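# Descriptive analysis of the structure
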Amino acid sequence: MSAQALLERYATVREGLTSAARASGREPSAVRLLAVSKKHSVEDMLALYAAGQSIFGENYVQEALAKAETLSSRGIDASQCLHMIGHVQSKKAPQVAGHFALIHSLDSRKLADALEKRLTGKARQPVLVEVNIADEAQKSGLAAQDLDAFAEYLQEHCPHLALEGLMCLPPVFDQPESARPFFARLRKLNESLRLKTGLPLPELSMGMSGDYVSAIAEGASIVRIGTAIFGPRI
Ligand SMILES: *Cc1c(COP(=O)(O)O)cnc(C)c1O
């Protein structure tokens, strides 16, 4: 895709976010756009960065770290700019802890422990807990009923992990409206977890290219959009 086409698609997505926020009576600035750049080039990321996009989502640790090196060589603080949204194996924790502005995909005690072990002193790693919101066998994420106990575990045993909210990846439907009940469910889980933990939990990471309008209507604070910006992944 030409740089101009990329910037046009980006502008269209931005406008879509703004109108979705307004349509649900929310401030457009209350919804952050995470540009999901997995399997797309670092050149495309740099073009968007120059156009004002400041946060990018990556799924694969190796790919993300290679891109982080290029970003750093251009004077960009990659640890502020990259978010990890893919499943992380706990053996990869050393390469992940402290290198991402937000990890959206914390889904086990094993991973929490492995991240915690790599962090010392004043370092805090912001995390979201990924919830398997439709109880799909093939998906990672914590079961909703395990959420309270997991948050309690984090509070007791992982002082270097800063829990900021929840993330989900609902089933893909032909009708984007069909995902809406799952987004509503994540919002309610986050609200009850807020009461339970006393933490502010400001982040709800939900909504992708096909269903972000419904996610914003249900309170998404971060939408993760790849294809609508960068085109299909090869
Ligand atoms: C790939 C991916 C996205 C982006 O999906 P698109 O449909 O390309 O917008 C969002 N979230 C997660 C967790 C992903 O893996």
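Reading guide: rules and limits
Residues numbered from 1 in each chain as written. Predicted model: local features only at pLDDT ≥ 70, side-chain atom pairs only at ≥ 80, totals over all residues. Heavy atoms only, no water. Axes fitted to C-alpha atoms, helices over the stretch in contact; angles between N-to-C directions. Helix = DSSP H or I, 4+ residues; strand = E, 2+ residues; numbered from the N terminus. Parallel < 35°, antiparallel > 145°, perpendicular 65-115°, else oblique. Left-handed = near helix turned anticlockwise from the far one by under 90°. Contact = heavy atoms within 4.5 Å. Nonpolar A, V, L, I, M, F, W, Y, C, P; charged D, E, K, R; others polar. Near = heavy atom within 4 Å. Polar contact = N/O pair within 3.5 Å; in protein donor to acceptor, adjacent residues only side chain to side chain. Areas by Shrake-Rupley, 256 points an atom, 1.4 Å probe, with all protein chains shown as cover.

### Details of the packing of helix α2 (residues 42–50) against helix α3 (residues 61–73)
Contact geometry of α2 with α3 gives a least axis separation of 10 Å together with a crossing angle of 45°. Taken together, the axes of α2 and α3 lie oblique to each other. Where α2 crosses over α3, the two elements pack in a sense that is right-handed. Mapping the contact onto sequence places V42, M45 and L46 in α2 and K67, T70 and L71 in α3. In terms of residue class, the contact of α2 with α3 is built from four nonpolar, one polar and one charged.

### Topic: the site of the ligand
K38, N59, S209, T227 and R233 are the nearest of the 13 residues found near the ligand. The side chain of S209 places a nitrogen or oxygen atom 2.5 Å from an oxygen atom of the ligand. R233 is positioned with one of its side-chain polar atoms (N or O) 2.8 Å from an oxygen atom of the ligand. Starting from 390 Å² of accessible surface for the ligand in isolation, the protein chains cover 89%. When its residues are assigned to classes, the shell around the ligand shows six nonpolar, four polar and three charged.

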